[in-house]
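A look at the structure
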Amino acid sequence: MAVALPAAVTSAYERLAGEFDKLSTTQKYAVGIAGGVTSLYLLAKVLKGSDRDKPTTLQLSGGSIDSSKVKDEFTAYADSYGKNAGEGITDRSKTVHLVDVFYSLVTDIYEWGWGQSFHFSPKLPNKDLKASEAAHEARIAALLRLQPGQKALDCGCGVGGPMRTVAAVSGAHITGITINQYQVDRAKTHNARQGLAPLTDVVRGDFTNMPFKENTFDGAYAIEATCHAPKLEQVYGEIYRVLKPGSYFVSYEWVSTQKFDVNNAEHVKIMDEINFGNGLPEMRTWKEAEDAGKNVGFELVMSLDLATASVVAGPWYERLRMGKYTHAINHGIVSTVDALGLAPKGLKEVHHMLVEVAKSLIQGGESGIFTPMHLLLFRKPGADKKK
Ligand SMILES: C=C(CC[C@@H](C)[C@H]1CC[C@H]2C3=CC[C@H]4[C@H](C)[C@@H](O)CC[C@]4(C)[C@H]3CC[C@]12C)C(C)C
Ligand SMILES: C[S@@+](CC[C@H](N)C(=O)[O-])C[C@H]1O[C@@H](n2cnc3c(N)ncnc32)[C@H](O)[C@@H]1O
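Because the structure is predicted, anything quoted here is derived from the model rather than measured. (Residues numbered from 1 in each chain as written. Chains lettered and ligands numbered in written order. Predicted model: local features only at pLDDT ≥ 70, side-chain atom pairs only at ≥ 80, totals over all residues. Heavy atoms only, no water.)

1. Section: the site of ligand 1
Rules: Think of it this way: one heavy atom of a residue within 4 Å of a molecule or strand is enough to make that residue near it. Polar contacts here mean pairs of N or O atoms no more than 3.5 Å apart (in protein, one a potential hydrogen donor and the other a potential acceptor; neighbouring residues in sequence count only if both atoms are side-chain atoms). Methods summary: accessible areas were calculated by the Shrake-Rupley approach with a probe of 1.4 Å, and residue burial reflects only the protein chains presented.
What surrounds ligand 1 is a group of 22 residues, the closest being Y103, E224, W254, N330 and H351. Here an oxygen atom of ligand 1 sits 2.8 Å away from a polar atom, N or O, in the side chain of N330. Here an oxygen atom of ligand 1 and a side-chain polar atom of H351 are 2.6 Å apart. A total of 640 Å² of accessible area belongs to ligand 1 in isolation, and the protein chains cover 99% of it.

2. Focus: the site of ligand 2
What counts is decided by this rule: The helix and strand labels rest on DSSP assignments: H or I over at least four residues marks a helix, E over at least two residues marks a strand, and numbering proceeds from the N terminus. Residues are grouped as follows: nonpolar covers Ala, Val, Leu, Ile, Met, Phe, Trp, Tyr, Cys and Pro; charged covers Asp, Glu, Lys and Arg; every other residue, Gly included, is treated as polar.
Neighbouring ligand 2 are 20 residues, the closest being F118, G156, T178, Q183 and F207. For ligand 2, an oxygen atom lies 2.8 Å from a polar atom in the side chain of T178. For ligand 2, a nitrogen atom lies 3.0 Å from a polar atom in the side chain of D206. Relative to its unbound accessible area of 590 Å², ligand 2 is 98% covered by the protein chains. Counting residues per element, the shell around ligand 2 draws most heavily on helix α4 (residues 95-113), at three residues. When the residues that make up the shell around ligand 2 are grouped by side-chain class, the tally is 10 nonpolar, eight polar and two charged.

3. Details of the side chain of D218
Tracing the backbone shows D218 in strand β4 (residues 217-223). Side chain to side chain, D218 and K244 meet in a polar contact 2.9 Å long.

4. Structural notes on the packing of aromatic side chains
Counted only if it meets this: Pairing of aromatic rings covers Phe, Tyr and Trp, the last counted by its six-membered ring, and requires centre-to-centre distances within 6.5 Å; plane angles under 30 degrees mean stacked, over 60 mean edge-to-face, and any other angle means tilted. Burial classes follow relative accessibility: with a 1.4 Å probe on protein chains only, a residue under 20% of its type's maximum area counts as buried, one over 50% as exposed, and anything between as partly exposed. Ring-over charges, as used throughout, are those where CZ of Arg or NZ of Lys falls within 6 Å of the ring centre and within 35 degrees of the ring normal.
Within this structure, the stated rule accounts for 21 aromatic pairs. Where F212 meets F217, the ring centres are 5.3 Å apart and the plane angle is 90°; that geometry is what we call edge-to-face. The exposure class assigned to F217 is buried, which follows from its relative accessible area of 3%. Cluster of aromatic residues (ring-pair linked, three or more members): F74, Y77, Y81, F102, Y103, Y110, F118 and F276. The ring centre of W114 lies 3.6 Å from the NZ or CZ of R319, which sits over that ring.

5. Overview of the nonpolar core
For the record, the criterion: Here, the term nonpolar core denotes a set of buried Ala, Val, Leu, Ile, Met, Phe, Trp, Tyr and Cys residues that are joined through side-chain atoms within 4.5 Å. Working rule for contacts: check all heavy atoms of both residues, and any pair within 4.5 Å makes them a contact.
V106, Y221, L361 and F370 are the most contacted members of the largest nonpolar core, which totals 71 residues. With 10 residues, the single largest contributor to this core is α4. Those residues in contact with V106 that sit more than four places away from it in its chain are V350, M353 and L354. Counting residues in each nonpolar core, the second largest holds 25 residues, with F207, A222, A289 and L376 among its members.

6. Comments concerning the packing of helix α9 (residues 265-278) against helix α14 (residues 347-367)
For clarity, the cut-off: Orientation is described by axes fitted as lines to C-alpha atoms, over the contacting stretch for helices, and by angles from 0 to 180 degrees between their N-to-C directions. Each angle is binned into one of four classes, with values under 35 degrees roughly parallel, values over 145 roughly antiparallel, values of 65 to 115 roughly perpendicular, and all other values oblique. Left-handed is the label given to a crossing in which the near helix is rotated counterclockwise from the far helix by less than a right angle, and right-handed is the label when the rotation is clockwise.
Two elements in contact, α9 and α14, have axes whose closest approach is 9 Å; the angle formed by their N-to-C orientations is 140°. By the angle between their directions, the pair α9 and α14 is classed as oblique. α14 is crossed by α9, and the crossing has left-handed handedness. Only M353, L354, V357, S360, L361, Q363 and G364 of α14 make contact with α9, whose side of the interface consists of I270, E273, I274, F276, G277 and N278. Residue composition of the contact of α9 with α14, grouped by class: seven nonpolar, five polar and one charged.

7. Remarks on helix α13 (residues 324-339)
The condition that has to hold: Helix span, as expected, comes to 1.5 Å for every residue beyond the first.
The end-to-end C-alpha separation of α13 is 23 Å, in line with the 22 Å expected for 16 residues at 1.5 Å each. Immediately beyond the C-terminal end of α13, within one or two residues, lies G341, with a positive phi of roughly 75°.

Next comes the structure, spelled out in structure tokens:
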């Protein structure tokens with residue numbers, strides 16, 4: 001079917017073509033070369049990105065997974081989720097391994113399309129996204145009352161965006177732990193480049209079985225990370241063990257809210273999609289998270305959903321909503337590099353999963369059944385120097 005172009009466009013095109021015809025052969029070559037160079041420059045910009053601190057499109061990798069195995073690993077990851085409503089990961093004993101695989105698959109894409117902090121933030125009035133993100137991270141340092149000379153633990157540290165903020169604002173030393181070796185390497189590179197190496201350390205390990213002695217840290221925090229644990233008590237119990245008596249633990253938890261109705265099929269479907277696209281074994285309720293902390297011996301000091309706590313802050317999911325056209329463009333870019341053999345086979349499928357989960361997260365946020373930022377502040381009983 002022929003497509004009719006608007007008259008203004010056809011007449012402008014005809015005028016340009018007329019002008020081009022009047023040029024000498026040399027001038028025509030010059031215009032052709034200039035057009036070609038400009039197109040190549042624009043293509044290189046799209047493929048390369050602008051920030052040397054994040055992977056370029058052509059550097060998108062499978063993290064710690066060899067590029068030849070990305071497709072198979074993603075298929076195995078996808079198959080590990082049950083088909084029944086509300087089922088999540090079928091064999092929970094495989095959770096920690098699957099989460100490690102998940103982060104190998106998504107870490108470069110996250111950094112490329114989001115940044116070095118793998119979490120959401122309430123949007124503060126008159127502050128841009130980065131400032132709002134930093135404020136969300138700095139709140140942690142304040143709640144833990146961290147001071148220079150003290151040692152704190154970042155439980156599930158990603159590539160270290162929050163760790164660098166917390167160390168910089170508090171002057172305390174932060175040790176990050178993540179299950180994924182690729183994230184350890186990225187975090188150390190960023191820490192060194194940004195001058196944070198003296199105040200940080202990053203180790204690979206399982207936060208349900210940590211390689212630290214009891215009573216080691218003056219504070220601990222977890223930002224949108226403990227939701228990956230097969231059971232919350234396992235990770236909370238470990239944090240309790242390594243904290244000094246009297247110290248605080250703060251978590252921004254991914255949980256279902258009071259609005260979630262387990263008998264509502266649409267609610268359960270949204271949660272299943274969130275679990276699958278984010279490497280979660282299941283979704284816990286805010287109450288289960290509170291209880292898990294108390295069960296391992298913590299005192300509950302504060303419990304507050306930051307998604308609804310402030311009447312002036314904008315919704316955490318707005319950044320995803322604003323980005324939906326970018327996500328579609330990104331999918332075109334990833335599909336192109338995949339088709340040209342310039343990205344590991346299977347990364348297109350991983351990206352598709354993220355495009356879809358962005359929609360489910362927005363639905364979870366808009367309906368109010370889900371929050372990625374239920375603040376839980378716990379204290380390990382004992383010495384009262386920090387009360
Ligand atoms: C805490 C967790 C991760 C939270 C967020 C950092 C990520 C959740 C969904 C992710 C994304 C969705 C869409 C992607 C987009 C299609 C792509 O082109 C660029 C990256 C995304 C924006 C990506 C970025 C990170 C998230 C927002 C979980 C895992 C517990
Ligand atoms: C969504 S990311 C958040 C990262 C970081 N807190 C941030 O906000 O940028 C979740 C993190 O939890 C880590 N994680 C998940 N399960 C883990 C486990 N069993 N042991 C250690 N780290 C784990 C992941 O490797 C990842 O670094």
